[in-house]
Every structure is written in C-alpha cells, then in structure tokens.
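# Working through the structure, step by step
Spelled out from the first residue to the last, the chains are:
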Amino acid sequence: MKVLIFIGVWLTAAEGFGQAFRPSSLPLAPAATLGHFLPARDSIASDTLYEWVSGEGYPLAFFRKIRTSVCFDNQCRLLRCAVYWNPTGRFLGLSFPPGEYLSKAEHKPFVPEEHERLLMLLADPSLPLKDYTYDELVPRRHTSGSNDADGVTSATAKNVLEYVVEGAAFTTYKLWHVVYGSTQSDIDSLVRPKSTAAFLLRVLDSPDVTDRLWALNQIHSPVPAALWRRLTGIATGSDYTLAETAVQRLPAADLVIRQGDLLGVVEKALPSVRKQLFTKLKEAKPFTLAAPLAARLLSVPVDEAAAILDLLTYHRIDDPAALRAVSQVLGAPNAFLARKAAACLTAAPRLEAVVQQRLARYRSSHR
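Summary of the structure given here. (Residues numbered from 1 in each chain as written. Predicted model: local features only at pLDDT ≥ 70, side-chain atom pairs only at ≥ 80, totals over all residues. Heavy atoms only, no water.)

### Details of the overall build of the protein
What counts, and what does not: Put simply, DSSP H or I for four residues or longer makes a helix, DSSP E for two residues or longer makes a strand, and each gets a number counted from the N terminus. Here, two residues are considered to be in contact whenever any of their heavy atoms come within 4.5 Å of each other. Where accessible areas are quoted, they stem from the Shrake-Rupley method and a 1.4 Å probe; at the residue level, only the protein chains shown are allowed to cover.
Along the protein, the regular secondary structure elements total 17 helices and six strands. Summarising the internal contacts of the protein: among those between residues at least 6 apart in sequence, 60% fall at separations of at least 24. A total accessible area of about 17200 Å² is found for the protein, and carbon and sulfur atoms account for 54% of it.

Spelled out as structure tokens, the structure:
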C-alpha cells in the first residue's frame, strides 16, 4: 500500500491526475522526468514517451498520454488519460486529469469495481484480445445512421465478455492494445542500456515475479560478485521457474572462474533444477567439478546420477579421482547407470590401471 500511495503522490505533484495503480518494481521518488520523442504506432497515443528517473539514474516508470473518442449511440466524448508502464514493460496503471473519467453505455461512469476489473484485464498480457478485430468483439446491429462503437445497440459477443468490462468493450480493447503495443519495445530499448548490476539487484527485489524473471534475463557476463550471489541464491530457491531461469542465465565465462560456488547450488537446489545445472555445466571449459560431482554418483537418485555421468562423459574427464568414482558405478545393480559409467570411462583420454581392470571386467561380463 505504501508504494501505491507513493506513486499517487508523484502523479498529483507531476501531472495533477487522479490515479489507479498497481505496485511498481522500485519504490523510489523520481528526481527527473525525461521525454523521448518516439512516434507511437497507435494513432491514439502521443508521440512522446515520458520517463521518471530516480536520483541514482534508475528508470522508475514510463507513461504515454492518450486521447481517443469513446462513442455510444452516435454520441462521442473525448477520453483523456495516461497509461503507465514499469521499466520491465509491465502495465502499472492509468491516470486521469481532473474531471475526466471512464464511462460505459449511456455515458455512465465506471464504479470502483469496474475500475479494478479494467486494471486486472489490462495487467493480463495473455488475454486473447490480440486475436480479435473490434467488429468481432462487438458485432454491430446495422441500422440506418448508426455509427455505434461500444456495444450499446448490439451486445458484446458473449464469448468475449470475460475479457472486457461490460458496456465498455471499445475502451477495454483500445487500452489493452495500447498497453501491449509498440511502447513495450520502446521501453525495452531505453531500459536495456541502463540495466546495471545495481539496477537489476533492485528489480530482483520486486514483489512481482515477472519483474524478477525480466531482471534475470538481462544478466550478462561479467557478473559482479553481489549479482552472482543473488543469482545462485535464486537458483537454490523453491520457485522452480525463477530457479531454472537463474541457472539458464549463468554466463559461460563466469562458470569457468566460479564453478566452485555451484557446489552449494547442487546441494540445495530442487532436483529438477540440479539436472538443469548439470546441463548448463557443459558450457564450463575447462571443467573443474568432476571429482566432487563423481563422488555423489552412488548416493543420489538414478536420474541425477545419469545426468552427472552425461556431464562427465561430455567433458571427457581425465581427473583420476573422478574416474575411480565412476568405475565404482560399473558394479551398481542398475544396469542403465553401469552402461553410462562404461561409456564415460571409454570416452576418457587415459585411465589408471585399476580403472582399466574394472572396465575390462565389466565388458567381459556384459558381452
């Protein structure tokens, strides 16, 4: 709630607008407003994209001013508002100048519940509104002189009522297309160059999981120590989607010099995430975790042991201690793992005499 009130203060001070907002990533006060001339590819949006910037230089939010007519039974009124986005491209909310309001059939103002429903719909990028034309959304009744635009003389198609505010299909449809139109890519182009490690760490504190996923996908090598710790910490968390993304975003160059840090991830991560990590470690060259991973082979579930053996085989390991541990698997009761162990040893560039003997015995008994 503090964030919502805080953003409201910004709007009152900067724009004089009443507002309806959802939580943002960075609850910081703006120090400046920047204007970017970026011609909108939607005719109802202005050609300026405004950016609020914190004193640290972090992008806090973006907004675009909207002007469009909303028509009911041949009577149109001009709707003026502003649409706001998080720096991650996520929809934040709407604001209105004094005296402006959202209306529906017969120019009835939205009630609070309809405002909240509209915000909920606009916050959902997965709505199928992108697949509809407006005429499909609101089938019009063809009458002489009729030029209706929001489903007053003809009901909104029943199969899309769940995607719009009833009686305000045009408003919902147009605003949703503004939110998920060209402005999101414009914001992305502006924010990426400002995505420093310090900024990404702040976004990773966001209460919104999509913001955190966005931040993970901005991470590139070299990864500073604080961001690396956060990345590996997320990889050991209970949220599978975040943990899997964190593992996928471990840069290969950083894997080479920080492989030892990943043993903690192997110990603490969800089983499915550990297997993702073993796949990721194929990018680590030179590979230095052969011995500690091989030592786990006889104490972990079959699927995890198989993933480790695949990793060791891929790297054609030559660590004597690791190869001795792999050779122990030749005598395991699970034939599938024993075959993988044999393949791993066969791929190794050299074997100690004791390992060669174990492999020879295995081959002779499995002809």
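Next comes the rest of the write-up.
### Overview of the packing of helix H9 (residues 240–248) against helix H12 (residues 271–280)
We count it as follows: For every element, the axis is a line fit to its C-alpha atoms; helices are fit only across the contacting stretch, and the angle between N-to-C directions ranges from 0 to 180 degrees. What sets the label is the angle itself: under 35 degrees gives roughly parallel, over 145 gives roughly antiparallel, 65 to 115 gives roughly perpendicular, and the rest give oblique. Note: crossing handedness is left-handed where the near helix turns anticlockwise from the far helix by less than a right angle, and right-handed where it turns clockwise.
Put simply, H9 and H12 touch, their axes get as near as 9 Å, and they point 10° apart. Between H9 and H12, the interaxial angle falls into the category roughly parallel. The handedness of the crossing between H9 and H12 is right-handed. Along its contact with H9, which presents Tyr-240, Ala-243, Glu-244, Val-247 and Gln-248, the element H12 presents Ser-272, Val-273, Gln-276, Leu-277 and Lys-280.

### Re the packing of helix H2 (residues 112–122) against helix H4 (residues 169–179)
Which entries qualify depends on this criterion: Any residue that is not Ala, Val, Leu, Ile, Met, Phe, Trp, Tyr, Cys, Pro, Asp, Glu, Lys or Arg is counted as polar, Gly included; the first ten are nonpolar and the last four charged.
Running from N to C, H2 and H4 point in directions that differ by 40°, and their axes come no closer than 10 Å. Viewed along their axes, H2 and H4 adopt a mutual orientation that is oblique. Note on packing geometry: the crossing formed by H2 with H4 is right-handed. Between H2, through Leu-118, Leu-121 and Leu-122, and H4, the contact on the second element is made entirely by Thr-172, Leu-175, Trp-176 and Val-179. Of the residues contributing to the contact of H2 with H4, the split by class is six nonpolar, one polar and no charged.

### Digging into the environment of Pro-224
The topology assignment puts Pro-224 in the loop between helix H7 (209–216) and helix H8 (225–235). Every residue in contact with Pro-224, bar those within four places of it in the chain, is listed here: Ala-197 and Arg-258.

### Quick notes on the nonpolar core
Put simply, the rule reads: The definition of a nonpolar core used throughout is a set of buried Ala, Val, Leu, Ile, Met, Phe, Trp, Tyr and Cys residues joined through side-chain atoms within 4.5 Å. Burial here depends on accessible area, computed with a 1.4 Å probe over protein chains only, as a share of the maximum for the residue type. Under 20% is buried, over 50% is exposed, and the range in between is partly exposed. Each domain's extent is set by a domain assignment, obtained either automatically or from a database.
Counting 109 residues, the largest nonpolar core has Val-83, Leu-94, Leu-281, Phe-287, Leu-293, Leu-312 and Val-326 as the members making the most contacts within it. With seven residues, the single largest contributor to this core is helix H14 (residues 302–314). Per-domain counts for this core show at least three residues from each of domain 1 (30–139 + 155–186) and domain 2 (196–365). For Val-326, the residues in contact, after removing those within four places along its chain, are Ala-294, Leu-297, Leu-309, Leu-312, Ala-341, Cys-344 and Leu-345.

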